[in-house]
Amino acid sequence: MRIDVVTIFPEYLAPLELSLIGKARRSGLVELAVHDLRDFTHDRHRTVDDAPAGGGAGMVMRPEPWGEALDHLLGTAPSDRPSDGTSAVPTLLVPSPSGQRFDQAMAHELAGLDWLAFACGRYEGIDERVLDDAAGRMPVRAVSLGDYVLNGGEVAALAVIEAVVRLLPGVVGNAESLVEESHEGHLLEYPVYTRPASWRGRDVPEVLASGHHARVADWRHEQRLRRTARRRPDLIAAWLAEREPTPREREVLAEEGWVG
């Protein structure tokens, strides 16, 4: 997978050199480049913003540097790229509080693509003409981490990149660890424990030391149901829509106060 990030704060993306993402970059599983938007300005102040049309508070990112930055990205696609079945253009992701809510399902969808680009806006956002122009040349998707506002798109880009890249084959050492994570199958992950068996008067649940794999699996599944019903009852409705629960599953949900 290739990932390009355009930002006025390239240093903000430094964490992408760390942990599994950094390892994936060094091993060639991910080709990731960060581009400074100010490199596409032409005045001595390297200006990227201006007052909003129509008046109002804040500043808006100018279209000229963004247009040139995206032109540059499109110009870096190898001429023979389509011959290997990959895309000749990126899917442009624009972090924005007015975008589509990012979730695990979208992470899986994006992990199936071969080229992503992120346009990290600042101030009051990017001139809308940039996105309209880009949409005529590549897929464009506004993406939101949640119902709150950040200072810029860099934090969201970091979160989306980590969520997507870890799903790529070879990035996470044990692929089985991805199966029962939170939000896979609409349920949250079960609680986890390790040694020592007793700590500050609190013991690891006895079933986990039983060696009985079926009992452990049943316990973990019930814990996923209980945790989701308590913390994210909205997800239970999606889970129920895809299956007919067993009598025991209904009993567990009823014990947690689920009414549906």
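Please read these numbers as outputs of a predicted model, since none were measured by experiment.

## Let's talk about empty space enclosed by the protein
Point 1. The final tally for this structure, using the stated rule, is one cavity of 30 Å³ or more.
Point 2. Here the largest cavity is characterised by a volume of approximately 30 Å³.
Point 3. At the level of secondary structure, the elements contributing two or more residues to the lining of the largest cavity comprise strand S5 (91-101) and helix H5 (154-165).
Point 4. The greatest single-element share of the lining of the largest cavity, amounting to three residues, is contributed by H5.
Point 5. Along the lines of polarity and charge, the residues of the lining of the largest cavity split into seven nonpolar, no polar and no charged.

## A look at the pattern of salt bridges
Point 1. Applying the stated criterion across every chain yields a total of 20 salt bridges.
Point 2. Arg 46 is paired through a salt bridge with Asp 36; the nearest N and O atoms lie 3.9 Å apart. Pair noted here: Arg 46 is in the loop between strand S2 (31-36) and strand S3 (49-50) and Asp 36 is in strand S2, with a separation of ten residues, a long-range link.
Point 3. For Arg 46, a relative accessible area of 32% translates into the label partly exposed.
Point 4. In this structure Asp 36 comes out as buried when scored by relative accessible area, which is 16%.

## Section: the layout of surface pockets
Point 1. By volume, the largest pocket is sized at about 530 Å³.
Point 2. Every residue lining the largest pocket is counted, 26 residues in all, and those nearest its centre are Pro 95, Ser 96, Pro 97, Glu 124 and Gly 125.
Point 3. Elements supplying a minimum of two residues to the lining of the largest pocket: S5, helix H4 (128-135) and strand S7 (140-144).
Point 4. No other element matches S5, which puts five residues into the lining of the largest pocket.
Point 5. Class assignment for the residues of the lining of the largest pocket results in 14 nonpolar, nine polar and three charged.

## With respect to the nonpolar core
If you look at soluble globular proteins, the nonpolar side chains tend to sit buried side by side.
Point 1. Of all hydrophobic cores here, the largest spans 29 residues; its most connected members are Ile 3, Phe 118 and Val 165.
Point 2. Those elements that provide at least two residues to this core are strand S1 (2-7), helix H1 (19-26), helix H3 (104-111), strand S6 (115-119) and H5.
Point 3. Counting residues per element, this core draws most heavily on H5, which supplies seven residues.
Point 4. What Ile 3 contacts, discounting residues up to four positions off in sequence, is Val 30, Glu 31, Leu 32, Ala 33, Leu 116, Phe 118, Ile 161 and Val 165.
Point 5. Grouped together as the second largest cluster of nonpolar side chains are 20 residues, Ile 8, Met 61, Ala 69 and Leu 70 included.

## What to know about the pairing of S5
Point 1. Across three bridges, the pairing between S5 and S6 is parallel. Across the sheet, Leu 92 pairs through a bridge with Ala 117, a residue of S6.
Point 2. By the bridge criterion, six bridges tie S5 to S7 in an arrangement that is parallel. Counterpart to Gln 100 in the pairing with S7 is Val 143.

## With respect to the side chain of Arg 226
Point 1. Here Arg 226 is to be found in helix H6 (residues 213-231).
Point 2. According to the relative accessible area criterion, Arg 226 is buried, its value standing at 13%.
Point 3. One polar contact links Arg 226 to Glu 255, side chain to side chain, over a distance of 2.6 Å.
Point 4. Beyond its immediate chain neighbours, meaning those up to four positions away, Arg 226 contacts Arg 248, Val 252, Glu 255 and Glu 256.

## Quick notes on the side chain of Glu 154
Point 1. As for its position among the elements, Glu 154 is in helix H5.
Point 2. Setting aside chain neighbours within four positions, we find Glu 154 in contact with Thr 7, Ile 8, Phe 9, Tyr 12, Leu 13, Cys 120 and Arg 122.

The rules behind the values
Residues numbered from 1 in each chain as written. Predicted model: local features only at pLDDT ≥ 70, side-chain atom pairs only at ≥ 80, totals over all residues. Heavy atoms only, no water. 1 Å grid on protein atoms, 1.4 Å probe; cavity = no way out; pocket = protein on both sides within 12 Å on 5 of 7 lines; lining within 4 Å. Points joined across faces, edges and corners; volume = space filled by probe spheres on them. Helix = DSSP H or I, 4+ residues; strand = E, 2+ residues; numbered from the N terminus. Nonpolar A, V, L, I, M, F, W, Y, C, P; charged D, E, K, R; others polar. Salt bridge = Lys/Arg side-chain N within 4 Å of Asp/Glu carboxyl O. Buried < 20%, exposed > 50% of the residue type's maximum accessible area, 1.4 Å probe, protein only. Core = buried A, V, L, I, M, F, W, Y, C linked by side-chain atoms within 4.5 Å. Contact = heavy atoms within 4.5 Å. Pairing = 2+ DSSP bridges. Polar contact = N/O pair within 3.5 Å; in protein donor to acceptor, adjacent residues only side chain to side chain.

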